[in-house]
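Results of the structural survey
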Amino acid sequence: MGEQQKKIFDAIVVGGGHAGTEAAAALSRMGHKTLLLTHAKKTIGQMSCNPAIGGVGKSHLAKEVDAMGGLVARAADLAAIHIKKLNASKGKAVQATRAQADRSLYKKAIQEMVFGQKNLSVFEAAATRLIIEDNKVKGLITEKDEELFSKTLVLTVGTFLNGVMHTGSKKTSGGRKGDKPSIALAEQLLEIMPRTGRLKTGTPPRILKASIDFERLEEQRGDSPRPVFSFVSSRDDHPEQVSCFIAHTNQKTHEIILGALKDSPMYTGTIKGIGPRYCPSIEDKVVKFSEKPRHQIFVEPEGLSSKEVYPNGISTSIPQSAQIDFVRSIEGFEHAEISQPGYAIEYDYFDPRDLEPTLETRSISGLFFAGQINGTTGYEEAAGQGLIAGINAALKMQDKEPWLPKRSEAYLGVLSDDLVTRGTNEPYRMFTSRAEHRLMLREDNADRRLTPVARAMGLVGERRWKRHCEKMRRVESETKRLKETRISTEQLKTIDERSKKDDSNKKAFDLLKRPGMTYKKVVTLIGERENYQPKEHLDQTIDDLIETEAKYEGYLKRQKREIENQEKYSNIRLPKDIDYSSLPGLSNEVRQKLTEFEPPTIGHAAQIQGVTPASISVLMVHLKKQQIKRAEGM
């Protein structure tokens with residue numbers, strides 16, 4: 001094939017799911033000619049499992065991706081038909097947004113952004129083999145033997161690597177209902193990344209809405225006023241709002257499920273893969289929590305015009321006939337009609353410890369992995385990895401330093417660091433408890449933390465940047481006003497009866513630290529800020545951000561000091577040629593893990609399970625000795 005006939009791109013992204021679309025969009029925004037390769041254009045942005053974005057930990061990822069110009073949060077707002085703030089009564093660090101989405105509207109929003117993205121082309125084809133020369137990726141070959149060439153390649157093939165779907169004893173090849181698995185590609189990847197595992201995920205039966213008696217279920221309305229996901233959205237972007245409902249299993253339901261276990265692929269040994277611990281199948285719930293008389297089911301709409309509902313909480317792979325029986329044993333579901341039975345998907349994943357922190361494979365230069373191929377579960381985790389891989393693929397082509405967000409800077413940093421240093425033996429899901437510095441990594445300040453970083457890398461356009469700068473200007477201006485304005489005891493007594501004489505001339509900002517004191521109360525004394533629109537979502541988010549920063553000021557300062565102390569040594573680089581087997585003072589286990597993982601820095605070494613503080617001290621002493629030797633040799 002002549003050079004003129006070759007189809008050459010800067011980057012190719014394989015897979016049109018949440019990881020693939022974010023990776024392709026990031027590469028394109030950073031100015032690179034990018035190809036998104038997918039089995040079918042119509043499935044780009046498809047929500048193959050629960051049609052929802054967000055939740056504790058997950059929403060933090062979605063908002064961070066959004067702060068860097070990503071797609072997921074914006075699409076969530078355009079499709080959100082039921083939206084709530086979770087943990088609203090708890091601290092800001094663990095508060096989270098969750099949006100139930102209209103499947104069709106979400107997919108439409110993603111596709112419009114993808115198809116309208118400059119520098120991005122979309123082809124329909126299946127990748128069957130990568131083109132690799134001298135341990136560098138050069139492109140791929142499609143099922144039609146067409147060669148596509150690129151400098152970098154991002155694989156986001158989800159559950160399609162040797163994917164098998166199970167319903168009872170029935171097995172079907174595929175990574176999603178109606179789609180074929182990627183078997184040939186999986187075989188080649190096993191040669192590149194020999195450390196692999198088998199995981200499982202599942203989905204519940206879909207039920208026709210008209211066959212459910214909603215009068216017998218508990219209604220769950222969305223919040224009012226509604227939260228908004230994206231930093232550039234407003235409530236006006238939300239479509240019509242609808243309710244979700246809550247139902248429960250019962251003893252009869254459990255008896256039917258237990259009776260069907262003999263035909264369940266999970267209990268017959270057919271399925272070898274490990275499922276998500278935090279989202280177990282209904283079979284697992286009934287067996288492992290046998291003392292519970294019932295289990296909760298969230299009955300969630302699939303869309304405004306959809307005829308189906310998604311019964312979140314009864315994921316299953318038992319035979320279809322038993323699914324019908326146990327569903328109809330649930331109150332309100334006596335006449336339920338199943339439009340699609342539940343099924344489990346078993347698929348291959350590759351050990352993410354064989355990746356660089358950039359998500360580039362260690363064995364093949366220019367090849368990046370993102371999404372469920374790395375052992376994760378969830379749209380948001382996939383989107384976050386897609387963004388990281390896309391950014392670093394672009395930076396590699398630009399001969400620039402990689403972007404490695406710290407654990408103290410973003411949940412994106414927690415995600416990538418957990419995967420490449422600790423690995424996973426079960427589907428990895430993000431939780432706020434995984435972040436040591438979660439008070440600093442809140443939903444409300446994701447743009448403050450990451451939008452300037454994204455702007456510097458070319459990920460954020462002029463319009464979003466101007467909007468962000470104006471918001472930050474207003475936050476800083478109002479914070480300055482609160483810190484400079486003093487309030488007398490007499491004024492204070494009108495809003496706080498506990499005020500004493502020694503409260504005289506308290507600064508307005510310091511008053512916000514008091515329990516029960518709010519920004520709205522304080523401004524009744526000092527007047528509202530310039531151009532304040534109390535009903536506008538942007539102004540409300542500014543209010544919340546200022547109030548939170550004031551209330552947690554002392555804790556945030558302490559956490560920053562802790563981070564600074566940690567970073568004194570955590571950023572110290574470890575030489576690639578270091579021989580851990582020769583270092584005295586290290587246990588055999590620690591030597592083995594350090595040799596296996598090849599941590600780039602002391603901080604990365606400290607994150608590896610089993611590497612103790614004493615081991616870190618040994619490494620620090622070794623580096624100090626090497627430094628002295630070099631100095632003496634000069």
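Up top you'll find the structure we're talking about.
Residues numbered from 1 in each chain as written. Predicted model: local features only at pLDDT ≥ 70, side-chain atom pairs only at ≥ 80, totals over all residues. Heavy atoms only, no water.

**Section: the layout of surface pockets**
Short version of the rule: Buriedness for pockets is judged along seven lines, at least five of which must meet protein on both sides within 12 Å for an open set on the 1 Å grid over protein atoms alone, while cavities are sets there where a 1.4 Å probe fits but cannot get out, and lining residues have an atom within 4 Å of a point. Grid points are joined across faces, edges and corners, and a volume is the space filled by probe spheres set on the points. Under the DSSP-based scheme used, a helix requires at least four consecutive residues in state H or I and a strand at least two consecutive residues in state E, with every element numbered from the N terminus. Classes in brief: Ala, Val, Leu, Ile, Met, Phe, Trp, Tyr, Cys and Pro nonpolar; Asp, Glu, Lys and Arg charged; the others, Gly included, polar.
What the second largest pocket holds in volume is close to 1100 Å³. Forming the walls of the second largest pocket are 39 residues, and the residues nearest its centre are Ser570, Pro600, Thr601, Gly603 and His604. Within the residue set of the lining of the second largest pocket, elements represented by two or more residues are helix H10 (411-422), helix H17 (553-570) and helix H19 (602-607). Of all the elements, H17 adds the most residues to the lining of the second largest pocket, at five residues. Here the lining of the second largest pocket is built from residues that sort into 13 nonpolar, 13 polar and 13 charged.

**Side note on the nonpolar core**
Operational definition: Here, nonpolar core refers to any group of buried Ala, Val, Leu, Ile, Met, Phe, Trp, Tyr and Cys residues whose side-chain atoms link them within 4.5 Å. Think of it in three bands: residues with accessible area under 20% of the maximum for their type are buried, residues over 50% are exposed, and the middle band is partly exposed, with areas taken using a 1.4 Å probe on protein chains only. In what follows, a contact means two residues having at least one pair of non-hydrogen atoms within 4.5 Å.
Ranked by size, the top nonpolar core spans 93 residues in total, and within it Met68, Leu155, Ile391 and Leu412 carry the most contacts. Broken down by element, this core gets its largest block of residues, eleven residues, from helix H9 (residues 379-397). Excluding residues that lie within four positions of it along the chain, Leu155 makes contacts with Val14, Leu130, Leu185, Leu189, Leu367, Phe368, Phe369, Ala370 and Ile373. Formed by 21 residues, the second largest nonpolar core is a distinct cluster that contains Ile212, Val286, Val327 and Ile338.

**Describing the pattern of salt bridges**
Think of it this way: side chains of opposite charge can pair up when their charged atoms draw near. Selection rule: Here, a salt bridge means any side-chain nitrogen of Lys or Arg that lies within 4 Å of a carboxyl oxygen of Asp or Glu.
Inspection of every chain in the model, using the stated rule, returns 47 salt bridges. Asp10 is the partner of Lys151 in a salt bridge, and the nearest nitrogen-oxygen pair spans 3.6 Å. Here Asp10 lies in strand S1 (residues 7-14) and Lys151 lies in strand S9 (residues 147-155), a separation of 141 residues in the sequence. You can call Lys151 exposed: its relative accessible area is 55%. Of the charged contacts in the structure, one is a salt bridge between Arg442 and Asp444, with a shortest N-O distance of 2.9 Å. Take Arg442: its relative accessible area is 1%, and that puts it in the buried class. One salt-bridge network, in which partners are shared between bridges, spans Arg195, Asp351, Arg353, Asp354 and Glu596.

**Some words on unusual backbone geometry**
Backbone torsion omega between Ser224 and Pro225 reads 0°, so that peptide bond is classified as cis. Phi is positive for Asp134, which is not a glycine, with a value near 55°. By the secondary structure assignment, Asp134 is in the loop between strand S7 (127-133) and strand S8 (136-142). The backbone of Leu359 sits at a positive phi, close to 75°, despite the residue not being glycine. Its location among the elements puts Leu359 in the loop between strand S19 (343-350) and strand S20 (367-369). Note on Leu359: relative accessible area 1%, which makes it buried.

**What about the environment of Leu199?**
As for its position among the elements, Leu199 is in strand S12 (residues 196-203). Leu199 sits 228 residues away from Pro427 along the chain, and the two C-alpha atoms are 6.8 Å apart.

**Notes on a nonpolar patch on the surface**
To be explicit about the condition: Exposure above 30% relative accessible area and the lack of any salt bridge qualify a residue for a patch; like charges then connect within 9 Å, and the nonpolar side chains Val, Leu, Ile, Met, Phe, Trp and Tyr within 5 Å. The protein chains shown are the only cover counted for residues, whose accessible areas, like all others here, come from Shrake-Rupley with a 1.4 Å probe.
Side chains of Leu258, Tyr267 and Val287 sit close together on the surface and give an oily, nonpolar patch of about 230 Å² of accessible area. Secondary-structure assignment places Val287 in helix H7 (residues 282-288).

**Overview of the sheet that holds strand S5 (residues 96-101)**
This is how the line gets drawn: We treat two strands as partners when DSSP finds at least two bridges between them. Think of each axis as a best-fit line through the C-alpha atoms, taken over the contacting stretch in the case of a helix, with angles from 0 to 180 degrees between the N-to-C directions.
Across the sheet, which stays open at both edges, the three strands sit in the order S3-S5-S4 with antiparallel pairing between neighbours. The open sheet has two edge strands, strand S3 (52-54) and strand S4 (80-86), and neither has a second partner. Geometrically, the sheet is characterised by an average inter-axis angle of 15° between neighbouring strands, direction not taken into account. Both S3 and S5 contribute to a ladder of three bridges, which runs antiparallel. What sits directly across from Ile53, in S5, is Ala99.

**Brief notes about helix H6 (residues 251-259)**
Heads up, the condition is: It is the directions from the helix axis to the C-beta atoms that the arc portrays. Pairs of N or O atoms within 3.5 Å make up the polar contacts considered here, provided that, within protein, one atom can donate a hydrogen while the other can accept it, and that residues adjacent in sequence are counted only when both atoms are side-chain atoms.
Every buried residue belonging to H6 is among Thr253, His254 and Ile257, and all of these are buried. Down the axis of H6, the smallest arc covering the buried residues is 95°, so these residues share one side. Away from its buried face, by an angle of more than 90 degrees, H6 presents the exposed residues Lys252 and Glu255. Of the surrounding elements, those touching the buried residues of H6 are H7 and helix H8 (320-328). Where H6 begins, the side chain of Asn250 points an oxygen toward the backbone nitrogen of Lys252, at a separation of 3.0 Å.

**Section: the side chain of Arg474**
Secondary-structure assignment places Arg474 in helix H12 (residues 462-484). Among all residues touching Arg474, those that are not within four sequence positions of it are Asn531, Leu538, Asp539 and Ile542.

**Remarks on the side chain of Asp10**
Residue classification places Asp10 among the buried residues on the basis of a relative accessible area of 17%. Among all residues touching Asp10, those that are not within four sequence positions of it are His32, Lys33, Ser150, Lys151, Thr152 and Met397.

**Here's the deal with the sheet that holds strand S14 (residues 218-220)**
Reading across from one edge, S14-S15-S16-S17-S13-S18 is the order of the six strands in this open sheet, with antiparallel pairing throughout. Taken across any chain shown, the strands that pair with only one partner, and hence form the sheet edges, are S14 and strand S18 (338-340). The mean angle between the axes of side-by-side strands here comes to 35°, regardless of whether they run parallel or antiparallel. Bridge count for strand S13 (residues 206-208) against strand S17 (residues 308-312) is two bridges, and the pairing is antiparallel. In the sheet register, Ile207 faces S17, and the bridge partner there is Val309.

**Digging into the packing of H9 against H10**
Using the following cut-off: Should an angle fall under 35 degrees it is called roughly parallel, over 145 degrees roughly antiparallel, and 65 to 115 degrees roughly perpendicular, with every other angle called oblique.
Interaxial distance between H9 and H10 falls to 10 Å at its minimum, and their mutual angle equals 85°. The angle between H9 and H10 falls in the class roughly perpendicular. Between H9 and H10, the residues in contact are Glu381, Gly384, Gln385, Leu387 and Ile388 and Leu412, Leu415, Ser416 and Leu419, respectively. Partitioning the contact of H9 with H10 into residue classes produces five nonpolar, three polar and one charged.

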